[in-house]
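# Summary of the model geometry
Next come the chains, spelled out residue by residue.
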Amino acid sequence: MRSEEPVDLLLGARLAELRAQHGWSLGELAERSGISRSTLSRAERAETSPTAALLNRLCHVYGRTMSQLLGEVEAAPAPLVRAAEQQVWEDRASGFVRRSVSPPHSGLRGELVEGRLTPGADLAYDRPPVPGLEQHLWLLAGALEVTAGERTHRLDAGDCLRMRVTGATRFRCPGPAEARYVLAVVRP
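Given the structure is predicted, the values throughout are model-derived calculations rather than measurements. (Residues numbered from 1 in each chain as written. Predicted model: local features only at pLDDT ≥ 70, side-chain atom pairs only at ≥ 80, totals over all residues. Heavy atoms only, no water.)

Moving on, we come to the overall build of the protein. Along the protein, the regular secondary structure elements total five helices and ten strands. Expressed as lengths along the three principal axes of its C-alpha atoms, the size of the protein is roughly 45 × 35 × 35 Å. Expressed as a percentage of the 188 residues in the protein, the buried residues total 45%. Residue pairs at least 24 apart in sequence account for 67% of intrachain contacts in the protein once pairs closer than 6 positions are excluded. Between the averaged position of the 24 positive side-chain charges in the protein and that of its 23 negative side-chain charges there is a distance of 3 Å. (Helix = DSSP H or I, 4+ residues; strand = E, 2+ residues; numbered from the N terminus. Buried < 20%, exposed > 50% of the residue type's maximum accessible area, 1.4 Å probe, protein only. Contact = heavy atoms within 4.5 Å. Lys, Arg positive; Asp, Glu negative; His and termini not counted. Charge placed at Lys NZ, Arg CZ, Asp CG, Glu CD.)

The subject of this paragraph is the sheet that holds strand 1 (residues 88–91). Strand order in the open sheet formed by six strands is 1-2-3-10-5-8, and the pairing between neighbours is antiparallel. Where the open sheet ends on each side, the last strands, each with one partner, are strand 1 and strand 8 (160–165). Strand-to-strand twist across the sheet, computed as the mean angle between neighbouring axes with direction ignored, equals 20°. Pairing analysis gives six bridges linking strand 5 (residues 133–141) to strand 8, with the strands arranged antiparallel. Across the sheet, the residue bridging to L137 is L161, located in strand 8. (Pairing = 2+ DSSP bridges. Axes fitted to C-alpha atoms, helices over the stretch in contact; angles between N-to-C directions.)

Our focus in this paragraph is the pattern of salt bridges. Enumeration according to the criterion identifies 13 salt bridges in this entry. For R180, the salt bridge is made with E114, and the minimal N-O distance between the two is 2.6 Å. On the criterion of sequence distance, the pair formed by R180 in strand 10 (residues 179–186) and E114 in strand 3 (residues 110–117) is long-range, its members being 66 residues apart. Judged by its relative accessible area of 12%, E114 falls in the buried class. The partner of D156 in a salt bridge is R154, and the shortest N-O contact between them spans 3.4 Å. Of the residues examined, D156 reaches a relative accessible area of 37% and is grouped as partly exposed. Its relative accessible area of 48% is what places R154 among the partly exposed residues. (Salt bridge = Lys/Arg side-chain N within 4 Å of Asp/Glu carboxyl O.)

Across the interface, helix 2 (residues 26–33) lies against helix 4 (residues 52–62) with an axial gap of 9 Å and an inter-helix angle of 100°. Between helix 2 and helix 4, the angle is such that the two are roughly perpendicular. Contact residues: L29, R32 and S33 in helix 2; R57, L58, V61 and Y62 in helix 4. Split by residue class, the contact of helix 2 with helix 4 holds four nonpolar, one polar and two charged. (Parallel < 35°, antiparallel > 145°, perpendicular 65-115°, else oblique. Nonpolar A, V, L, I, M, F, W, Y, C, P; charged D, E, K, R; others polar.)

Moving on to the environment of P176. Counting through the fold element by element, P176 comes out in the loop between strand 9 (169–172) and strand 10. Look at P176 and you get exposed, because its relative accessible area is 83%. The sequence separation of P176 and G142 amounts to 34 residues, and the corresponding C-alpha distance is 7.8 Å.

The next thing to look at is the packing of aromatic side chains. Counted under the stated rule, the structure contains three aromatic pairs. With centroids separated by 6.2 Å and ring planes inclined at 80°, the aromatic side chains of Y125 and F171 adopt a geometry described as edge-to-face. Of this pair, Y125 sits in strand 4 (residues 122–125) while F171 sits in strand 9, placing them 46 residues apart in sequence. This pair shows no difference in class: Y125 is buried, exactly as F171 is. Ring centres of F171 and Y181 lie 6.4 Å apart, and the angle between their planes is 10°; this geometry places the pair in the stacked category. Note that F171 is positioned in strand 9 and Y181 in strand 10, a separation of ten residues in sequence. For the pair F171 and Y181, one class covers both residues: buried. (Phe/Tyr/Trp six-rings, centres within 6.5 Å; stacked < 30°, edge-to-face > 60°.)

Attention now goes to the sheet that holds strand 7 (residues 151–156). The four strands lie next to each other as 4-9-6-7, forming an open sheet whose pairing is antiparallel. Two strands lie at the open edges of the sheet, namely strand 4 and strand 7, each paired on one side alone. Pairs of neighbouring strands in the sheet enclose a mean axial angle of 15°, with direction left out of account. Pairing between strand 6 (residues 143–148) and strand 7: six bridges, direction antiparallel.

Here you go:
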């Protein structure tokens, strides 16, 4: 079943382009990312919308943050992006909605992202997209449990967590309300 979301079509084309730029076959990329060839192929052809975990693995392989990758499928960078024009991406399988708040620009190290997790959503990343990534998570509403390595932090509205991401992370919304947060991401 082909996705009808324009961002999925553009994202699929960009993923195929990145693989070609590296000169990798689907098999080579599968080995590097731990993602099956069939899943990679379906994502590149926009037959399915990739999950956040899948994009995170690909970002790790390509040395990009998720915002950089999503920004690469947009038009020329601008210094201002209106709220109605901000790129929104949804991982329906995990209950995660991600809005790229900052105007995309590959030359900058920092970016702002708005995240929303539905009650019960549990989003796990096995590695950071870029090792040593600095993140500041400011929870605007709801409750959120964030695990970085072996340590779990419980955040309530207004709390801010700073972390340097070097390994696995997990974001879980215990409910009963949606968790809404701003994530400031700074590349090393």
